[in-house]
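# Architecture at a glance
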Amino acid sequence: MIDKAIIDQWSSYKSKTKTPFYYYDVDLLKQTVATAKNEADKRGYILHYALKANANPNLLKIIFGAGFGADCVSGNEIFRSLQNGAKQETIAFAGVGKSDLDIQIGLYNNIFVFNCESIPEIENINYLARLKGLKIYNIGLRINPDVDAKTHEYISTGKKENKFGISAWDFDKVIEKLETMKYLRLTSLHFHIGSQITDMNVFVELCQRVNSFNQWFKDRGFELEHINVGGGLGVDYQTPDKNLIPDFATYFSVFEQNLKLFPGQKLHFEPGRSIVAQCGSLITRVLYIKEGKTKNFVIVDAGMTDLIRPALYHAHHHIENLSSDAPEKVYDVVGPICESSDCFAKDVLLPETKRGNFIALRSAGAYGEVMASQYNLRELPHAVFSDKLGSVK
Ligand code: LLP
């Protein structure tokens, strides 16, 4: 929630606060983290925060401080998580194309598990582990369960036509290969079918698939200690203030009711978006109002370089004018980049908007700051934290 006092504080910083910037509501993050952890602890579930959603050190310290493990997809994410309080034995390492250097960073840091996505990758990790010597490393198999996540095609990862994971028809070859991999031990099965999933039936279907894969491996003599079902829980982008904290209780209870673990098996999750999306807003200032024949444009100083989700996925972010409560008008809200896709929203109702007004793009804490680029040689957006407003430069 962006409260009025904070808007007043920004206004007083107006001359010295550069826009655009990401504003993080630290209290909301703490509440979200505590809710997720509490609901998981009640059921004995283990959480690995997916750094790819937001790797800002100030947020990571809160998340890891609350006892989350880490889900990383690069050597740099492994370093970033370790620097900000994650414990090495909690780091899961995913990714369809891990480089040799990335793998070595994982090996030298004795991470929890490498989640492997192909036979050549398994061979390479075994080869690099042999060079390092001294130890047997844990691997998981990322399985492509062929489940439709019913989300945007670019963030759907669990269908057989997606590049991710190992498909059922390759299992025989994989287990044959594992017999010759002397430096690796299979300890888990890993799944991640997509992101921004709001239909709980999708997770029910995932559980059913996981049950049958888990049985398949048990029948062949594998004693797997861990099942990891990835991330994916969606957030309310339309009306964020109504659902600031995602419904973790319902989400986890779907798994509690539908997933059959064998005795001793632990269930792991890798939430990203659901932890950080709602605590972040992109704050931008209005540069110009351009009145056209059929459209009125609000041209803001943030662009697709700062928040690419609308341009890339047609994602909706709720937009608020923080400086005006005049009667509403219809606008397209656009950025300054030389691309027609640099548009945050079409035909939205906003209070009459003027140059200099502050605009908030809500629910931008996940896949916002971390996906920013310097296209057009723009500067990267900076971050402002609700508990450190006094130190805004
Ligand atoms: N685990 C794995 C293996 C993943 O690939 C992902 C996300 C997650 C966990 C975290 O999923 P979440 O809980 O955040 O849904 N840039 C896109 C989202 C890409 C997600 C990629 N994988 C967006 O802005 O919507």
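Our structure is the block above this text.
So, here's what we can say about the structure. (Residues numbered from 1 in each chain as written. Predicted model: local features only at pLDDT ≥ 70, side-chain atom pairs only at ≥ 80, totals over all residues. Heavy atoms only, no water.)

## Notes on the sheet that holds strand β2 (residues 46-50)
Cut-off, in case you're wondering: One bridge is not enough; two strands pair if DSSP finds at least two bridges between them. Each helix corresponds to a stretch of at least 4 residues labelled H or I by DSSP, and each strand to a stretch of at least 2 residues labelled E; elements are numbered beginning at the N terminus. Orientation is described by lines fitted to C-alpha atoms, with helices fitted over the stretch in contact, and by angles between N-to-C directions that extend from 0 to 180 degrees.
Around the barrel, which closes on itself, the eight strands sit in the order β2-β3-β4-β5-β6-β7-β8-β9 with parallel pairing between neighbours. Within this sheet the neighbouring strands show an average axis-to-axis angle of 30°, counted without direction. Pairing geometry for β2 and strand β9 (residues 266-269), over two bridges, is parallel. Bridge pairing links Leu 47 to Phe 269 in β9.

## Overview of the site of the ligand
As a reminder of what qualifies: Near, as used in this document, describes a residue that has one of its heavy atoms within 4 Å of the molecule or strand being considered. Under this definition, polar contacts are N or O atom pairs within 3.5 Å; protein pairs additionally need one hydrogen-donor-capable and one acceptor-capable atom, and for neighbouring residues in sequence, both atoms have to be side-chain atoms. For the accessible areas, the method is Shrake-Rupley and the probe is 1.4 Å, while residue cover comes only from the protein chains on display. When residues are grouped by polarity, Ala, Val, Leu, Ile, Met, Phe, Trp, Tyr, Cys and Pro land in nonpolar, Asp, Glu, Lys and Arg in charged, and all others, Gly among them, in polar. An automatic or database domain assignment is the source of the domain bounds shown.
Around the ligand there are 18 residues in total, and Ser 195, Glu 270, Arg 309, Tyr 313 and Tyr 367 lie nearest to it. One nitrogen or oxygen atom from the side chain of Ser 195 is found 2.4 Å from an oxygen atom belonging to the ligand. Contacts to the ligand include Gly 232, whose backbone N or O atom sits 2.9 Å from an oxygen atom. Starting from 590 Å² of accessible surface for the ligand in isolation, the protein chains cover 92%. The residue inventory of the shell around the ligand, partitioned by class, reads six nonpolar, six polar and six charged. Residue-level mapping places the shell around the ligand at the junction of two domains, with at least three residues from each of domain 1 (4-23 + 278-391) and domain 2 (26-275).

## Observations concerning helix α2 (residues 26-43)
Worth spelling out the cut-off: By this rule, a helix spans an expected 1.5 Å times one less than how many residues it contains. Residue exposure (1.4 Å probe, protein chains only): buried if accessible area is under 20% of the type maximum, exposed if over 50%, otherwise partly exposed. Contacts were defined at the residue level, with two residues in contact if any of their heavy atoms lie within 4.5 Å.
The terminal C-alpha atoms of α2, which comprises 18 residues, lie 26 Å apart, in line with the 26 Å expected from a rise of 1.5 Å per residue. Every buried residue of α2 is listed here: Val 26, Leu 28, Leu 29, Thr 32, Val 33, Ala 36, Lys 37, Glu 39 and Ala 40. Turning to α2, the residues buried within the fold contact β1 (21-24), β2, α3 (57-65), α9 (248-258), α10 (273-276) and β16 (382-385). Positioned one or two residues after α2, Gly 44 has a phi angle of 75°, which is positive.

## Things to note about the pattern of salt bridges
Pairing is possible between side chains that carry opposite charge, provided their charged atoms lie close to one another. Applicable threshold: Basic side-chain nitrogens of Lys or Arg form a salt bridge, by our definition, when they fall within 4 Å of a carboxyl oxygen of Asp or Glu.
By the definition in use, this model includes 18 salt bridges. The partner of Glu 123 in a salt bridge is Lys 177, with the nearest N and O atoms 2.7 Å apart. Residue Glu 123 is located in helix α6 (residues 119-132), and its partner Lys 177 is located in helix α7 (residues 171-178); the two are separated by 54 residues in the primary sequence. Classification of Lys 177 as partly exposed rests on a relative accessible area of 24%. One network of salt bridges, in which partners are shared, links Glu 39, Lys 42, Arg 43 and Glu 256.

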